[in-house]
Amino acid sequence: MRKKQINYLGFVSLLSLLALLGFGGNRGFFGFLGFLAYARYFNILPDELFMENLRKSCTVASMAQLLSLLPLMFGFYMFMGNRGTGVAFAMAFVVFLVVFSVVLVYYELKESKA
């Protein structure tokens, strides 16, 4: 009998605790509530197709991050100077998260229709 596997993608939802803790009343932490959507992956068994969809999603998201980093750095540097490079890296990470989530949902919908 096989042991129950843990889907480690569900642990990403623990980042939403940053928003719940509040950290001094900073409203910027409420953006971390978006990670609550990953809590549903605790109930999904990580089979081969799920892992393949995860790999494809990460590949597309990584390429999107790399391709968006240079234009973002150039644009933010032109408008904000040296302070803009940190903002550009943060925005590229946001691009990664958004593209990863959208592509993973696309592959899950495609899998559920088949």
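This structure is a prediction, so every number in the text was calculated from the model and none was measured.

**What to know about helix H2 (residues 48-80)**
Reasoning step 1: Taking 1.5 Å of rise per residue, 33 residues should cover 48 Å, and H2 covers 45 Å from first to last C-alpha, within 8% of that figure.
Reasoning step 2: The sharpest bend along H2 measures roughly 30 degrees and falls at Leu69, with the proline Pro71 sitting one to four residues further on.
Reasoning step 3: Tucked into the core, H2 has its buried residues touching helix H3 (84-113).
Reasoning step 4: Following H2 by one or two positions, Gly81 has its phi on the positive side, about 75 degrees.

**Considering the packing of H2 against H3**
How two helices pack is summed up by the angle between their axes together with the distance between the axes.
Reasoning step 1: Here H2 crosses H3 at 150 degrees, and the two axes come no closer than 6 Å. Classed by the angle they form, the pair H2 and H3 counts as roughly antiparallel. Crossing of H2 over H3 shows right-handed handedness.
Reasoning step 2: Tallied by class, the residues present in the contact of H2 with H3 amount to 26 nonpolar, 7 polar and 3 charged.

**Let's talk about the packing of aromatic side chains**
The description of an aromatic ring pair uses the distance of the two centres, along with the angle that the planes make with each other.
Reasoning step 1: Evaluation of the coordinates by the stated rule reveals 10 aromatic pairs.
Reasoning step 2: A ring pair is formed by Phe32 and Phe35, whose centres lie 6.1 Å apart and whose planes are at 25 degrees; its orientation type is stacked.
Reasoning step 3: Between the aromatic rings of Phe93 and Phe96, the centroid separation amounts to 6.4 Å while the plane-to-plane angle is 20 degrees, which identifies the pairing as stacked. Pair noted here: Phe93 and Phe96 are both in helix H3, with a separation of 3 residues, about one helical turn.
Reasoning step 4: On the basis of relative accessibility, which here comes to 44%, the residue Phe93 falls in the partly exposed class.
Reasoning step 5: Three or more aromatic residues joined by ring pairs make a cluster, and in this case those are Phe32, Phe35, Tyr38, Tyr41, Phe50, Phe93, Phe96 and Phe100.
Reasoning step 6: Seen from the ring of Tyr41, Arg40 lies directly overhead, with NZ or CZ sitting 4.9 Å from the centre.
Reasoning step 7: Here the basic side chain of Lys56 rests over the ring of Tyr107, its NZ or CZ set 5.0 Å away from the ring centre.

Cut-offs used in this document
- Residues numbered from 1 in each chain as written.
- Predicted model: local features only at pLDDT ≥ 70, side-chain atom pairs only at ≥ 80, totals over all residues.
- Heavy atoms only, no water.
- Helix = DSSP H or I, 4+ residues; strand = E, 2+ residues; numbered from the N terminus.
- Expected span 1.5 Å × (residues − 1).
- Bend = angle between axes of the 7 residues up to and from the residue.
- Contact = heavy atoms within 4.5 Å.
- Axes fitted to C-alpha atoms, helices over the stretch in contact; angles between N-to-C directions.
- Parallel < 35°, antiparallel > 145°, perpendicular 65-115°, else oblique.
- Left-handed = near helix turned anticlockwise from the far one by under 90°.
- Nonpolar A, V, L, I, M, F, W, Y, C, P; charged D, E, K, R; others polar.
- Phe/Tyr/Trp six-rings, centres within 6.5 Å; stacked < 30°, edge-to-face > 60°.
- Buried < 20%, exposed > 50% of the residue type's maximum accessible area, 1.4 Å probe, protein only.
- Lys NZ or Arg CZ within 6 Å of the ring centre and 35° of its normal.

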